[in-house]
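So the chains spell out like this:
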Amino acid sequence: MKLPARYRYLFLSALSAVSVSAAGKDIEGNQKNTGYWLDQRGTVVVDPYGLCWRTGYFSKDLALPECDPSLVPPPPPPPPPPPPPPPPPPPPPPPPPPPPPPPPPPQPVPFVLTITFGSDELFDFDRAELKARARAKLDDLADQLQGADIKSILVVGYTDGVGTDAYNDKLSEKRAVSVRDYLVSKGVNPNLIDTQGRGKRDPVASNATKEGRAQNRRVEVKVDGSRTIVR
């Protein structure tokens with residue numbers, strides 16, 4: 001570096017006043033070359049302009065940041081911060097609720113059905129053949145029995161008190177059989193049906209009056225079974 005004459009004189013005077021060296025020491029005390037002049041304290045000598053005084057050994061590799069910052073490579077950037085830890089896994093979903101209990105199986109409900117038909121509704125006088133309107137009534141009964149678990153059906157015929165016991169027993173039995181045969185024709189199992197002819201027995205009214213005798217002429221159908229109720 002070239003200095004103006006007046007500063008060169010001052011700088012040379014300063015150098016003559018102190019002992020400077022271009023040699024430094026390593027950590028074991030051995031002399032080593034440096035790229036700058038050092039004073040006795042080991043401080044780099046600067047000129048009046050504040051510029052470090054280089055030695056003949058100076059090279060770019062010996063540049064100091066405080067003297068020649070443009071020649072010193074910048075320090076490496078700090079390492080990037082570590083990535084944040086991964087978020088904790090989401091909690092497991094709650095277990096599904098238990099399924100609702102199954103509905104109870106359908107339960108059979110037992111029943112006993114007793115239907116009384118007036119003989120005058122079902123038959124003509126002294127006859128055992130069913131009238132037309134009698135079939136309609138028995139159709140309704142057969143419909144009620146559909147889907148039911150039938151255990152037994154008892155058909156019992158009765159007469160009023162007019163006539164002999166033998167005659168009334170036979171007539172009441174024939175009428176009970178007529179009702180049974182019609183129910184079988186509607187799909188009722190014949191093995192489930194029993195018939196009885198009770199004649200003038202078990203009256204429900206007095207045979208001394210016309211109205212009482214009409215009540216006693218009857219056919220009773222008693223059904224014992226069960227029906228499954230689906231809820």
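What comes next is a walk through the structure. Keep in mind the model is a prediction, meaning the values are calculated, not measured. (Residues numbered from 1 in each chain as written. Predicted model: local features only at pLDDT ≥ 70, side-chain atom pairs only at ≥ 80, totals over all residues. Heavy atoms only, no water.)

**Notes on the side chain of Asp 47**
Working step 1: Mapped onto the elements of the fold, Asp 47 is located in the loop between β2 (31-38) and β3 (107-118).
Working step 2: Despite its burial, Asp 47 pairs with no opposite charge; the closest candidate is Arg 54, at 9.6 Å N-O.
Working step 3: Within polar-contact distance, the side chain of Asp 47 engages the backbone nitrogen of Tyr 49 at 2.9 Å. (Helix = DSSP H or I, 4+ residues; strand = E, 2+ residues; numbered from the N terminus. Buried < 20%, exposed > 50% of the residue type's maximum accessible area, 1.4 Å probe, protein only. Lys, Arg positive; Asp, Glu negative; His and termini not counted. Salt bridge = Lys/Arg side-chain N within 4 Å of Asp/Glu carboxyl O. Polar contact = N/O pair within 3.5 Å; in protein donor to acceptor, adjacent residues only side chain to side chain.)

**Digging into the packing of aromatic side chains**
Working step 1: Overall, the coordinates contain one aromatic pair when judged by the stated rule.
Working step 2: Summarising the aromatic geometry, the rings of Tyr 36 and Phe 58 are spaced 5.3 Å apart at their centres and angled 70 degrees between planes, so their arrangement reads as edge-to-face. Here Tyr 36 is found in strand β2, whereas its partner Phe 58 is found in the loop between β2 and β3, with 22 residues between them in sequence. Across this residue pair, the class does not change: Tyr 36 and Phe 58 are buried.
Working step 3: Here the guanidinium or amino end of Arg 54 rests over the ring plane of Phe 58, the centre of that ring lying 4.2 Å away.
Working step 4: The lysine or arginine in question, Arg 218, covers the ring of Tyr 158, its NZ or CZ lying 3.8 Å from the ring centre. (Phe/Tyr/Trp six-rings, centres within 6.5 Å; stacked < 30°, edge-to-face > 60°. Lys NZ or Arg CZ within 6 Å of the ring centre and 35° of its normal.)

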